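# Inside the fold
Next come the chains, spelled out residue by residue.
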Amino acid sequence: MSGMKNRAGKRKSPGFGTVAVHGGEEGKFAFGPVSTPIYQTSTFTFDSAEEGGEVEKRGKDGFIYTRIGNPTVRAFEEKMALLEGGDSCVSFSSGMAALSAVFLELLKPGDEIISSSRIYGGSKLFFAHILQKLDCKVRRFGPYDDLKRVIPPLINERTKLIFFETPSNPELSIIDIGLIAGLSRKHRIVSVIDNTFATPYLQRPLGMGIDCVVHSATKYIGGHGDAIGGAVVSTKNFVSAIRSNTLQHLGGCLSPFNAWLFLRGLKTLHVRMDRHCETAASVAGFLAGHPKVGTVFFPGLRTHPGHRIAKRQMSGFGGMVSIGLENGRACRKFINGLRLCRTGVSLGDAGTLVLHFASMFHPKLSDAACRKIGADPTLIRISTGLEDAADIIGDMKNALATL
Ligand code: PLP
């Protein structure tokens, strides 16, 4: 986008939507296509024995093998870096591949990390199954702890990074990004945020001092529930270290076709997110006023404990709403009473997705047994879709009437 000019011919900083539509793609491909070509190729060939070596060893612009780089994938990475306001981006076959690449790049056996206790379950499982094998200890803080007081005592000479999500999956807890950035700078540890729920449209953590942003592109970035992928945005040095180390050696690269789907998804991210935010606010307002709904977790509600911070650091409150019903039985009845909204894992799609964690992940456990293992049996997560808000609310109203 460096060449973008306004009508008068002067360079200016383009807005988010303009970068989302044109960034990373324009002027790069032969014949001027409006849609980036899908370079559906595993490898690239050269005109001479010497040329390949120049690309591989001397950094000449070019591609060798799609696991390490591909023009369609590179276009997606460039658009992501522009949208997050970062130097560089490297993409992956899933959000978990992106997260694990960051952790494995930064950690060696015996190192420690600090993490928010409120993060995606898959990240917790990565800590439990992979980091534990590396003898890497995870020390946790709660999102609503007094962070300035609680975090410093968790840091020691082995601590390498601090990891958090805001808004978090699934309780939508909010953490002060600037505060974490300040603490990580002061204690010389790397700060890593999972920005999947907010997307770069609603929240740009690098500009608030965070070192590294990770995404599950599977969610809002793709936006249509048809592709799995992930991305890391950070400094040029860190991204190229990941590309030549964890990406190259573990091999979890993004496919050119999925990169193309994400490029397409990003072009409408701002428009979709505006609608997701608007609908989530309406749905949260309806649910908060319903007598059969207990807690409503939505950072846009004034009663949400993170509302003030969310208002300061986000440009919208997002498309996710979580609720608590009376018990697991009520949750199952609610899910089974829905007709328009569908039940399933994942989020950020065009259609509304509703998930009752206990029945999906602990189908045999009673409410009491769920509580014993730390799973809330009453929690339901709603990813509001792009249907009309009145239809989503009508569907929920009917389902709640069955309780
Ligand atoms: N981060 C968050 C916040 C998520 O919600 C998810 C998946 O739900 C992931 C990471 C993992 O992403 P993926 O499923 O693309 O591996």
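What counts, and where the lines are drawn
- Residues numbered from 1 in each chain as written.
- Predicted model: local features only at pLDDT ≥ 70, side-chain atom pairs only at ≥ 80, totals over all residues.
- Heavy atoms only, no water.
- Core = buried A, V, L, I, M, F, W, Y, C linked by side-chain atoms within 4.5 Å.
- Buried < 20%, exposed > 50% of the residue type's maximum accessible area, 1.4 Å probe, protein only.
- Helix = DSSP H or I, 4+ residues; strand = E, 2+ residues; numbered from the N terminus.
- Domains from an automatic or database assignment.
- Contact = heavy atoms within 4.5 Å.
- Buried area = accessible area lost by both parts, 1.4 Å probe.
- Salt bridge = Lys/Arg side-chain N within 4 Å of Asp/Glu carboxyl O.
- Polar contact = N/O pair within 3.5 Å; in protein donor to acceptor, adjacent residues only side chain to side chain.
- Nonpolar A, V, L, I, M, F, W, Y, C, P; charged D, E, K, R; others polar.
- Pairing = 2+ DSSP bridges.
- Axes fitted to C-alpha atoms, helices over the stretch in contact; angles between N-to-C directions.

### Let's talk about the nonpolar core
Soluble, globular proteins show a tendency: their nonpolar side chains are buried together. Formed by 55 residues in total, the largest nonpolar core has its most connected members in Phe76, Met80, Ile114, Phe141, Ile151, Phe164 and Ile180. Mapped onto this core, the elements with two or more residues apiece are helix H1 (16–22), helix H3 (71–84), strand S4 (159–165), helix H7 (177–186), strand S7 (230–234), helix H10 (256–267), helix H11 (269–288) and helix H12 (307–313). Both domains that furnish three or more residues to this core are identified here as domain 1 (16–267) and domain 2 (270–401). Ignoring sequence-local partners within four residues, the contact set of Ile180 consists of Phe141, Leu147, Ile151, Ile162, Phe164, Ile175 and Ile210.

### What about the domain arrangement of the chain?
Domain parsing of the chain yields domain 1 (16–267) and domain 2 (270–401). Between the C-alpha centres of domain 1 and domain 2 the distance comes to 27 Å. Taking both partners together, domain 1 and domain 2 bury about 2500 Å²; carbon and sulfur atoms supply 62% of that area. Arg312 serves as the salt-bridge partner of Asp176, at 2.7 Å between the closest nitrogen and oxygen. Taken together, the connections running from domain 1 to domain 2 amount to 15 residue pairs in polar contact (both at pLDDT 80 or more). With 4 residues, the single largest contributor to the side of domain 1 that touches domain 2 is H1. For the side of domain 1 that touches domain 2, the per-class residue count stands at 18 nonpolar, 12 polar and 4 charged.

### Observations regarding the environment of Pro109
With respect to the helices and strands, the residue Pro109 is situated in the loop between helix H4 (95–106) and strand S2 (112–116). With 28 residues separating them in the primary sequence, Pro109 and Lys137 have C-alpha atoms 9.4 Å apart. Not counting the four nearest positions on each side in its chain, Pro109 is found in contact with Leu134 and Cys136.

### A short note on the sheet that holds strand S12 (residues 379–383)
Whether parallel or antiparallel, the strands of a sheet pair through hydrogen bonds between backbone atoms. One open sheet accounts for 5 strands, arranged S8-S9-S12-S11-S10; its pairing is mixed. On the outer flanks of this sheet lie strand S8 (296–297) and strand S10 (342–343), each paired with one strand and no other. Two elements, strand S11 (residues 353–356) and S12, share 4 bridges in a ladder whose sense is antiparallel. Paired with His356 across the strands is Ile380, a residue of S12. Across the sheet, helix H13 (residues 328–337) is in contact with strand S9 (320–324), S10, S11 and S12; its angle to S11 comes to roughly 155°.

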